[in-house]
Amino acid sequence: MTFFKIFAFLLMTVSIYSYVGQLVPQFEEHPPVKKVITVATSAAELAAIGEELVQVKGGCLICHKVTDVGNDRGPDLRQAAGKAATRKQGMSAETYLLESLIKPEVFTVPGFPQMMPPALQPPANFNRAEVKAVIAYLQTLGGAEVTVKIETADIPVVKEVDATSPVIALESPWSHEGVRLGLVILAFNLVMLAVLAIAGRRKTS
Ligand code: HEC
């Protein structure tokens, strides 16, 4: 009888713990939301993704600037789109920008050293869709019209694990910290209860 009373009490305690755990705001670390580029991504979205790529993943601001403050190792990127059409005779602005990112060694802007790392390789390590997003951003930045179009071939094949596992992890109630904590407490208490029960039986016999 006592055993069941204790057990009922435990269940109640654990339920309360779990419930309170659910209420506490979550501070779980989630990987940053990956902005997926598709053929349907709008020019404005593409430019926004490109801006973040230039500032964070690309590390472009080590050498360039997009505002008045920044570095002058490379040309001011606010002018890049505007000057792009004039850099190489017979080459369109978009093609020039593409080349200057993927193969910067082919053409060196006069007055600057040849030191820019190709964007498809580390440190930037972009894929082609990301390069195009950056071009969309440079065009927006320069007040030009966004001309880049994402094609299926630009988009890297995503491994299935990447696409599904985080979703399952987020939706599963077992991933909730409160529930996990509750289960750990439940398991701990059950073990304690079993120990007590065994000890009690030994004493009486
Ligand atoms: C190590 C310094 C360095 C880094 C990092 C770098 N660049 Fe450059 N970039 C340069 C230099 C120097 C030039 C000019 C010489 C040349 O054309 O190669 C240049 C040229 C360019 C041009 C051509 C500009 C024009 O006016 O014709 C573009 C566009 C550009 N960079 C974009 C980027 C982007 C986007 C990134 C980030 C992915 C980046 N750069 C990272 C140094 C760098």
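Residues numbered from 1 in each chain as written. Predicted model: local features only at pLDDT ≥ 70, side-chain atom pairs only at ≥ 80, totals over all residues.

Asks: What's the story with helix 3 (residues 80-87) in this structure? I'm lost.
Replies: The α-helix advances 3.6 residues per turn, and as a result positions three or four apart in sequence lie on the same side. All of the buried residues along helix 3 are Ala80, Ala81 and Ala84. Along the long axis of helix 3, the arc covered by the buried residues comes to 85°, so they all point the same way. Residues of helix 3 that are buried sit in contact with helix 4 (93-102) and helix 5 (128-141). (Buried ≥ 20, exposed ≤ 12 C-beta atoms within 10 Å, placed from the backbone. Helix = DSSP H or I, 4+ residues; strand = E, 2+ residues; numbered from the N terminus. Arc of directions from axis to C-beta. Contact = placed C-beta atoms within 7 Å.)

Asks: Which parts of the structure should I look at to understand the nonpolar core?
Replies: Where a protein is soluble and globular, its nonpolar side chains tend to be buried together. With 30 residues, the main nonpolar core has Leu97, Ala133, Val134, Ile135, Ala136, Tyr137 and Leu138 as its most contacted residues. Taken together, the elements giving at least two residues each to this core come down to helix 2 (43-55), helix 3, helix 4 and helix 5. When residues in this core are grouped by element, the largest group, nine residues, is from helix 5. (Core = buried A, V, L, I, M, F, W, Y, C linked by C-beta atoms within 7 Å.)

Asks: I would appreciate a short explanation of the site of the ligand in the present structure.
Replies: In the vicinity of the ligand there are 31 residues, among which Gly58, Cys60, Cys63, Gly74 and Met116 approach most closely. Only helix 3, helix 4 and helix 5 provide two or more residues apiece to the shell around the ligand. (Near = placed C-beta within 6 Å.)

Asks: I would appreciate a short explanation of the environment of Ala47 in the present structure.
Replies: The topology assignment puts Ala47 in helix 2. The exposure class assigned to Ala47 is buried, which follows from the 21 C-beta atoms found within 10 Å. Counting along the chain gives 86 residues from Ala47 to Ala133, while the straight-line C-alpha distance between them is 5.7 Å. Each residue touching Ala47, except ones within four places of it in the same chain, is listed here: Ala136, Tyr137, Thr140 and Val146.

Asks: What exactly am I supposed to notice about unusual backbone geometry here?
Replies: With glycine set apart, most residues show a phi of negative sign, and most peptide bonds adopt trans. Pro123 follows Pro122 through a cis peptide bond whose omega is 10°. Position of Pro123 relative to the elements: it lies in the loop between helix 4 and helix 5.

Asks: What exactly am I supposed to notice about the packing of helix 2 against helix 5 here?
Replies: Angle between the axes and distance between the axes: these two values describe a pair of packed helices. Close contact between helix 2 and helix 5 brings their axes to 7 Å; oriented N to C, the two are set at 100°. On the basis of their axis angle, the class for helix 2 and helix 5 is roughly perpendicular. Contact with helix 2, carried on its side by Ala43, Leu46, Ala47, Ile49, Gly50, Glu51, Leu53 and Val54, involves Glu130, Ala133, Val134, Ala136, Tyr137 and Thr140 of helix 5 and no other residues of that element. Grouping the constituent residues of the contact of helix 2 with helix 5 by class yields 10 nonpolar, two polar and two charged. (Axes fitted to C-alpha atoms, helices over the stretch in contact; angles between N-to-C directions. Parallel < 35°, antiparallel > 145°, perpendicular 65-115°, else oblique. Nonpolar A, V, L, I, M, F, W, Y, C, P; charged D, E, K, R; others polar.)

These results come straight from atomic positions and should not be treated as a statement about function.
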